[in-house]
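Chain residues, written in single-letter form:
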Amino acid sequence: MPLQVIGCEVVPQLLARLMAEARVVAPHRRTGADQWAYAEVRDPCEVELEYISTVLPAKKYAFPPVEQLVRYELAERPLMEAVVESEPLVIFGAHPCDIHGLWALDQAFCDVNVDPNYTAHRSGMRIVGVDCVPDEHCFCGSMGTATPAEGFDLFLTVVEGGYLVEIGTEAGAAMLDGLPTQEASAAALAQAKERLARRIQQTTRVSAECHSLPLLLSGLADSEQWGEHATKCYSCGTCNLVCPTCFCFNVIDRMALTLDRGTKEREWDGCMLEEFSKVATGENFREEREDRLRHRFYRKYSYLFTKYGRPYCCGCGRCVRQCLVHIDPVEVLNDLIAEAEGRRS
Ligand code: SF4
Ligand code: SF4
Ligand code: SF4
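Residues numbered from 1 in each chain as written. Chains lettered and ligands numbered in written order. Predicted model: local features only at pLDDT ≥ 70, side-chain atom pairs only at ≥ 80, totals over all residues. Heavy atoms only, no water.

Colleague: Whenever I open this one, the sheet that holds strand β11 (residues 249–255) confuses me. Can you help?
Modeller: Note on sheets: strands pair through backbone hydrogen bonds, and any given pair is parallel or antiparallel. If you trace the four strands from one edge of the open sheet to the other, you get β5-β4-β12-β11, paired in antiparallel fashion. The sheet terminates laterally at β5 (79–82) and β11, the two strands that pair on one side only. Across the sheet, the axes of successive neighbouring strands diverge by a mean angle of 20°, strand direction being ignored. Where β11 and strand β12 (residues 261–268) come together, seven bridges link them in antiparallel fashion. If you follow Arg-254 over to β12, its bridge partner there is Thr-263. The strands touched by helix α4 (residues 116–123) are β4 (66–73) and β12; relative to β4, the strand with the most contacts, the crossing angle is about 125°. (Pairing = 2+ DSSP bridges. Helix = DSSP H or I, 4+ residues; strand = E, 2+ residues; numbered from the N terminus. Axes fitted to C-alpha atoms, helices over the stretch in contact; angles between N-to-C directions. Contact = heavy atoms within 4.5 Å.)

Colleague: Whenever I open this one, the pairing of β4 confuses me. Can you help?
Modeller: A regular strand carries its side chains on alternate faces of the sheet. In the sheet, β4 pairs with β12 via seven bridges, with the strands oriented antiparallel. Looking across to β12, one finds that Gln-68 is bridged to Glu-265. Note that β4 and β5 share four bridges and pair antiparallel. Residue pairing for β5: Tyr-72 is matched across the bridge by Met-80. Two successive antiparallel strands, β4 and β5, enclose a turn made up of five residues.

Colleague: Even after reading the chapter, I still don't get the side chain of Arg-296, so can you show me in this structure?
Modeller: Note that Arg-296 resides in helix α11 (residues 289–308). Buried within the structure, Arg-296 lacks any salt-bridge partner; Asp-328 is the closest side chain of opposite charge, at an N-O distance of 8.2 Å. When near neighbours in sequence (up to four residues on either side) are disregarded, Arg-296 contacts Cys-239, Asn-240, Cys-271, Met-272 and Cys-319. (Buried < 20%, exposed > 50% of the residue type's maximum accessible area, 1.4 Å probe, protein only. Lys, Arg positive; Asp, Glu negative; His and termini not counted. Salt bridge = Lys/Arg side-chain N within 4 Å of Asp/Glu carboxyl O.)

Colleague: Got a minute to help me understand the side chain of Ser-142 in this structure?
Modeller: Along the chain, Ser-142 falls in helix α5 (residues 140–143). In contact with Ser-142, not counting residues within four places along its chain, are Thr-203, Thr-204, Arg-205, Val-206 and Cys-210.

Colleague: In this structure, what is going on with the site of ligand 1? I would like to understand it.
Modeller: In the vicinity of ligand 1, the contacting residues are Cys-233, Tyr-234, Ser-235, Cys-236, Gly-237, Thr-238, Cys-239, Met-272, Cys-323, Val-325 and Ile-327. Considered class by class, the residues forming the shell around ligand 1 number eight nonpolar, three polar and no charged. (Near = heavy atom within 4 Å. Nonpolar A, V, L, I, M, F, W, Y, C, P; charged D, E, K, R; others polar.)

Colleague: Would you mind showing me how to read the sheet that holds strand β3 (residues 36–40) here?
Modeller: Strand order across the open sheet formed by eight strands is β3-β2-β6-β7-β8-β9-β1-β10, with mixed pairing between neighbours. In this open sheet, the two strands that pair with only one neighbour each are β3 and β10 (182–183). Contacting β1 (4–7), β8 (154–159) and β9 (162–167), helix α7 (residues 186–203) crosses the sheet at an angle of about 95° to β8.

Colleague: What am I meant to see in the nonpolar core here?
Modeller: Nonpolar side chains tend toward joint burial in soluble globular proteins. With 50 residues, the main nonpolar core has Leu-18, Leu-49, Ile-91, Phe-92, Met-125, Ile-127 and Val-128 as its most contacted residues. Element by element, the count of residues in this core is highest for helix α3 (residues 96–110), at six residues. Apart from the residues within four sequence positions on either side, Leu-18 is in contact with Val-24, Val-90, Phe-92, Val-128 and Met-175. Counting 30 residues, the second largest nonpolar core, distinct from the first, contains Met-143, Leu-216, Phe-305 and Leu-336. (Core = buried A, V, L, I, M, F, W, Y, C linked by side-chain atoms within 4.5 Å.)

Colleague: Could you clarify how one ought to interpret the environment of Gly-144 in this entry?
Modeller: Mapped onto the secondary structure, Gly-144 falls in the loop between α5 and β8. Between the C-alpha atom of Gly-144 and that of Thr-204, which follows or precedes it by 60 residues, the distance is 9.0 Å.

Colleague: Looking at this structure, I do not really get the packing of α3 against α4. What am I missing?
Modeller: Helix-helix packing is described using two parameters, namely the angle between the two axes and the distance between the axes. Put simply, α3 and α4 touch, their axes get as near as 9 Å, and they point 145° apart. The hand of the α3/α4 crossing is left-handed. Side by side, α3 and α4 meet where Leu-102, Leu-105, Asp-106, Phe-109 and Cys-110 of the first sit next to Tyr-118, Thr-119 and Arg-122 of the second. The residue inventory of the contact of α3 with α4, partitioned by class, reads five nonpolar, one polar and two charged. (Left-handed = near helix turned anticlockwise from the far one by under 90°.)

Colleague: Please clarify how α3 should be interpreted in this entry.
Modeller: Within an α-helix, residues lying three or four positions from one another point in the same direction, as the helix has 3.6 residues per turn. In this model α3 runs 21 Å from its N-terminal to its C-terminal C-alpha over 15 residues, within 8% of the 21 Å that 1.5 Å per residue would give. With eleven of 15 residues buried, α3 is to be regarded as a mostly interior element. (Expected span 1.5 Å × (residues − 1).)

Colleague: Looking at this model, I keep getting lost on unusual backbone geometry. Mind explaining?
Modeller: Excluding glycine, most residues fall at negative phi; most peptide bonds, likewise, are trans. A positive phi angle, close to 55°, is found at Ser-235, a residue other than glycine. Inspection of the secondary structure assignment puts Ser-235 in the loop between α9 (225–230) and α10 (238–241). Classification of Ser-235 as buried rests on a relative accessible area of 16%. Although it is not a glycine, His-326 adopts a positive phi angle of roughly 55°. By secondary structure assignment, the location of His-326 is in the loop between α12 (318–322) and α13 (329–344). A relative accessible area of 48% means that His-326 is categorised as partly exposed.

By themselves, these observations are geometric and do not establish any function.
Okay, structure coming up:
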């Protein structure tokens, strides 16, 4: 189906249709704060599609912050059952960086040992993406994630009077059935292209091409930049928790006081936390803040990038927006790139 255009007034109709079939979540402005959060849509007319990145990414629906994995009872005949839950869910208004973030989690959770909980959440999920306006922290242009090639059912780009609609799947095409659409004109296509080019230009802020980062970082493990940037870090782990591509978790046993039943739950964990690398014998493999910062950067821009072929950072800027001391991946990368260039000359 060729690209379509819908008027702004069609968006509430589309939402109402989706709400009749599934729970629909979309970005909502947080009361009293200049922040946005995904929450359930109650009124299709209240959804605003021009927003700054939500505090938590859409990953919270595919990989919840806390989730039961197993339930057990220690009766005469002990019972142990896996808890795998899924519901039809539409994420409405995901930015390209969030769509890339879900791609990154798909690789991590489904590559070798397929995670049943994650796949159950993802199989019930539909994505309606939307184009965005960057703020000063966005750098998707540098990460190659400013536009999604896949991973959406519909993708909307603002054009005069409405939205250009790209259809990514058959389910996406079905969402438009019976709604007033028209084939995209050359003018609408040109507007969308121009908008994307402007956004890529605004968000290209890392001073080297992203595919050069694994090689570049391989010679910088001993750089003093790690210590200089880490010196102000509180090891709070916020940057991990808000990151769309971080997927580490801990599994906790929760036993009832009666000691006859309990659950195993997983909850988000993060490599910037001091305890993260502590092992049973008491050693901590990354005891220093600079070791943890370096590890985080190597994961995102080297190890997982090399393994899966795309950076494990979508350039969303959430980590720096939420970091109390503004440790900014763009600044860290640019300092490292300058050092690598200095070493070569
Ligand atoms: S959010 Fe900032 S202060 Fe907290 S661990 Fe991350 S870099 Fe350190
Ligand atoms: S490292 Fe920061 S900018 Fe990159 S994906 Fe994670 S939160 Fe976004
Ligand atoms: S990083 Fe790019 S895709 Fe994500 S919100 Fe900013 S401009 Fe949009």
